[in-house]
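The primary structure of each chain is shown beneath.
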Amino acid sequence: MSKVTIESLNLFYGDFHCLKNNNLSIEEKKITALIGPSGCGKSTLLRCLNRMNDFIESVRITGKVLIDDRDIYSRDINLIQLRKEVGMVFQRPNPFPLSVYDNVAYGPRVHGLFKTPKDTLKAVVVKSLSAVGLWEELKDRLDVSATNLTLEQQQRLCIARLLAVEPIILLMDEPCSALDPYATLKIEELFLNLKKSYTIVIVTHNMQQAARVSDYTAYMYLGELVEFGDTNTIFVNPKNKLTEEYITGRFG
Amino acid sequence: MAIFDEELNALKEKVLKLGCMVEAVIRDSVNSLIERNNDLAKEVIKRDHLINTLEVKIDEECIRLIAIRQPMATDLRFITTAMKITTDLERMGDLAVNIAERAIELIEEPLLKPYVNIPKMAEIVQGMVRDTIDAFLKGCTKLPYEVINRDDEVDDLTVRNFNELTAIMIKNPKIIPIAVKRTYIAKYLERIADHATNIAEMVIYMCKGKIIRHMEIPEGE
């Protein structure tokens, strides 16, 4: 079932036409990978899904992004609610310079859940840290600063921080590029667990990673969605010559 | 040219070399029988280890390329196809050895009747091998489909050969040991044609990404 539907989406940075008539359907509780060379627009497209591009001046967007048939670019959309429902993880882990506990509790608190009894908040922290496989490791160190964790732990923590506000979609922008291969593998395993509950969209330069974790892959080039299909087809038998050239390293 | 492309070309050349070697042993094994040339038959048997060695080399190279280059799409299909078809080629080489072994035995015996079906089969089979390798090297054309169709001719000739020889055996049971060996030879050629068919199917997979094994082939594809 389609969770997100992108329809005739165009994005301009001033005069620069960055996304050109993108159409894409993102399946619920599956992992969709966006691949393509630097500057192809894949991160921009990802950021359209929770309106992160709104922060950039001179951006103009036409077309629709529907989440469960609701256009997130319509006037009556609540942006805070939207970004709670559609969380984002970045290339470099960016925990707050707070304790592990406060990092995870931060979201529920700012979303007005701070009146919750303390034990309920604690329950959310335990649940979120468990979901990313950090609870056992950190349950006795909840008060240490998050910046003291390893990069892999920090990235997991950032994901736990999202889960604490009960999102439905997780956006990942190069989530493993700062991690070593072992940590990458562990995070990829986490994705496979998370997709049981969440719809995940991942932007990656690592084609092996896209091949390993995603169910669907979209190849983008110069702002256009060149080819979209199930991951096996894209990596074994792509239909478009441009996709073929990119994934076999004969690009450019 | 990128290093990877050079490596793929080198792999292609090795597969071509293996294909030529196999085609030659098929030709020579059948010639040794028809010309009653004992030395040629022995030579075919001796050459088998060269085919085996090259098969292993190609396999190792394919495994290395998969590990080092992590190929995708056409590259992945090309390398996996190379790996699979060399197994078929090597088996063809073994069958040519079997033909040469039976030839050595049959040369000792009187000629029952002139060889008619076997040279015909050998000619078709050699063409099949040549065309499959050609299709592998050049990419998809109609060739692999033609090869698959030619397998039926070989099957028909195998049956015809068998029927002719059983008719002789019924009349004269004394010649059964010789006649059975002649049916074996047809059977070996028929098996070689089957391996060529496997290769043709793999080449179609390589080109189109579509597995057609164990399926009815649509007309005119």
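Relevant structure appears above.
Attention shifts here to the overall build of chain B. For chain B, the count of helices and strands is six helices and zero strands. Counting from the amino terminus, chain B carries its helices and strands in the arrangement α-α-α-α-α-α. Against the 2.2 N^0.38 benchmark of 17 Å for 221 residues, chain B shows a C-alpha radius of gyration of 19 Å, consistent with a compact globule. Along the longest, intermediate and shortest principal axes, the C-alpha atoms of chain B span 65 × 40 × 20 Å. Across chain B, contacts joining residues at least 24 apart in sequence account for 81% of those joining residues at least 6 apart.

Let us now look at the overall build of chain A. Looking only at helices and strands, one finds 10 helices and 10 strands in chain A. For chain A, whose C-alpha radius of gyration is 18 Å, the value lies close to the compact-globule estimate of 18 Å for 252 residues. When its C-alpha atoms are laid out on the principal axes, chain A stretches across 55 × 45 × 30 Å. For chain A, the residues scored as buried account for 44% of the 252 residues in total.

A word on helix α2 (residues 38–69) of chain B. One turn of the α-helix equals 3.6 residues, which is why residues spaced by three or four share an orientation. Residue and element names in this part refer to chain B. The terminal C-alpha atoms of α2, which comprises 32 residues, lie 47 Å apart, in line with the 46 Å expected from a rise of 1.5 Å per residue. Remark: the principal bend of α2, roughly 25°, maps to K46. By the burial criterion, the buried members of α2 are A41, V44, R47, I51, L54, E55, I58, C62 and L65. Contact partners of the buried residues in α2: α1 (3–34) and α3 (73–107). Backbone geometry just after α2 places Q70 at a positive phi near 45°.

This next bit is on the sheet that holds strand β4 (residues 59–67) of chain A. Residue and element names in this part refer to chain A. Spatially, the four strands line up as an open sheet ordered β2-β1-β4-β5, and their pairing is antiparallel. On the outer flanks of this sheet lie β2 (16–27) and β5 (70–71), each paired with one strand and no other. Bridge analysis of β4 against β5 gives two bridges, and the strand direction is antiparallel. Bridge pairing in β5 places L66 opposite D71.

Residues and elements named next belong to chain B. Mapped onto the elements, A122 comes out in helix α4 (residues 117–138). It is 19 Å that separates the C-alpha atoms of A122 and L112, two residues lying 10 residues apart in sequence. Contact partners of A122, with chain neighbours within four places excluded, come to I26, V30 and L189.

This next bit is on the nonpolar core. Residue and element names in this part refer to chain B. One finds I26, V125 and L189 to be the most contacted residues of the largest nonpolar core, which totals 134 residues. Counting residues per element, this core draws most heavily on α3, at 16 residues. Setting aside residues up to four positions removed in sequence, V125 forms contacts with I26, V154, L189, I192, A193 and A196.

Right, let's talk about the sheet that holds strand β10 (residues 224–230) of chain A for a bit. All names here are of chain A. Ordered in space as β6-β7-β8-β3-β9-β10, the six strands form an open sheet in which the pairing is mixed. Sheet topology places β6 (86–89) and β10 at the edges, where each strand pairs with a single neighbour. Neighbour to neighbour, the strand axes of the sheet diverge by 20° on average, direction disregarded. Bridge count for β6 against strand β7 (residues 169–173) is four bridges, and the pairing is parallel. When the sheet's bridge partners are listed, M88 is paired in β7 with L171.

Let's shift gears to the interface of chain A and chain B. Across the contact, 10 residues belong to chain A and nine residues belong to chain B. Elements represented by at least two residues in the side of chain A that touches chain B include exactly α8 (207–213), α9 (231–236) and α10 (241–247) of chain A. Taken together, the residues of the side of chain A that touches chain B sort by class into five nonpolar, four polar and one charged.

Here we come to helix α5 (residues 143–171) of chain B. The end-to-end C-alpha distance of α5 of chain B, which contains 29 residues, comes to 43 Å, matching closely the 42 Å that a straight helix rising 1.5 Å per residue would cover. In this structure, the buried side of α5 of chain B is in contact with α4 and α6 (176–208) of chain B.

Attention now goes to unusual backbone geometry. Residues and elements named next belong to chain A. Here S8, not a glycine, exhibits a phi torsion of approximately 45°, which is positive. If you trace the backbone, S8 turns up in strand β1 (residues 2–13). Taking the number of C-beta atoms within 10 Å as the measure of exposure, S8 has 11 and is therefore exposed. Unlike most non-glycine residues, N21 shows phi in positive territory, near 45°. Its 14 C-beta neighbours within 10 Å are what place N21 among the partly exposed residues.

What follows deals with the packing of α4 of chain B against α6 of chain B. Residues and elements named next belong to chain B. For the pair α4 and α6, interaxial distance at closest approach is 9 Å and the crossing angle is 20°. One finds that α4 runs roughly parallel with respect to α6. For the pair α4 and α6, the crossing hand works out as left-handed. Contacts between α4 and α6 involve N117, I118, M121, A122, V125, M128, V129, T132, A135 and F136 from the first element and I185, A186, L189, I192, A193, A196, I199, A200 and V203 from the second.

Let's shift gears to the pairing of strand β8 (residues 199–203) of chain A. All names here are of chain A. Across the five residues of β8, five count as buried, placing the element largely inside the fold. Of the two faces of β8, the one holding T199, V201 and V203 and the one holding I200 and I202 are both buried throughout. The pairing of strand β3 (residues 31–35) with β8 spans four bridges and is parallel. Bridge pairing in β8 places A33 opposite I202. Pairing of β7 with β8 involves five bridges; the strand directions are parallel. Residue pairing in the sheet places L171 in a bridge with V201 of β8. The parallel pair β7 and β8 is bridged by helix α7 (residues 181–194), and the resulting crossover is right-handed.

What counts, and at which threshold
- Residues numbered from 1 in each chain as written.
- Chains lettered and ligands numbered in written order.
- Predicted model: local features only at pLDDT ≥ 70, side-chain atom pairs only at ≥ 80, totals over all residues.
- Helix = DSSP H or I, 4+ residues; strand = E, 2+ residues; numbered from the N terminus.
- Rg over C-alpha atoms; globule rule 2.2 N^0.38 Å.
- Contact = placed C-beta atoms within 7 Å.
- Buried ≥ 20, exposed ≤ 12 C-beta atoms within 10 Å, placed from the backbone.
- Expected span 1.5 Å × (residues − 1).
- Bend = angle between axes of the 7 residues up to and from the residue.
- Pairing = 2+ DSSP bridges.
- Core = buried A, V, L, I, M, F, W, Y, C linked by C-beta atoms within 7 Å.
- Axes fitted to C-alpha atoms, helices over the stretch in contact; angles between N-to-C directions.
- Nonpolar A, V, L, I, M, F, W, Y, C, P; charged D, E, K, R; others polar.
- Parallel < 35°, antiparallel > 145°, perpendicular 65-115°, else oblique.
- Left-handed = near helix turned anticlockwise from the far one by under 90°.
- Right-handed = clockwise from strand over helix to strand, strands pointing away.

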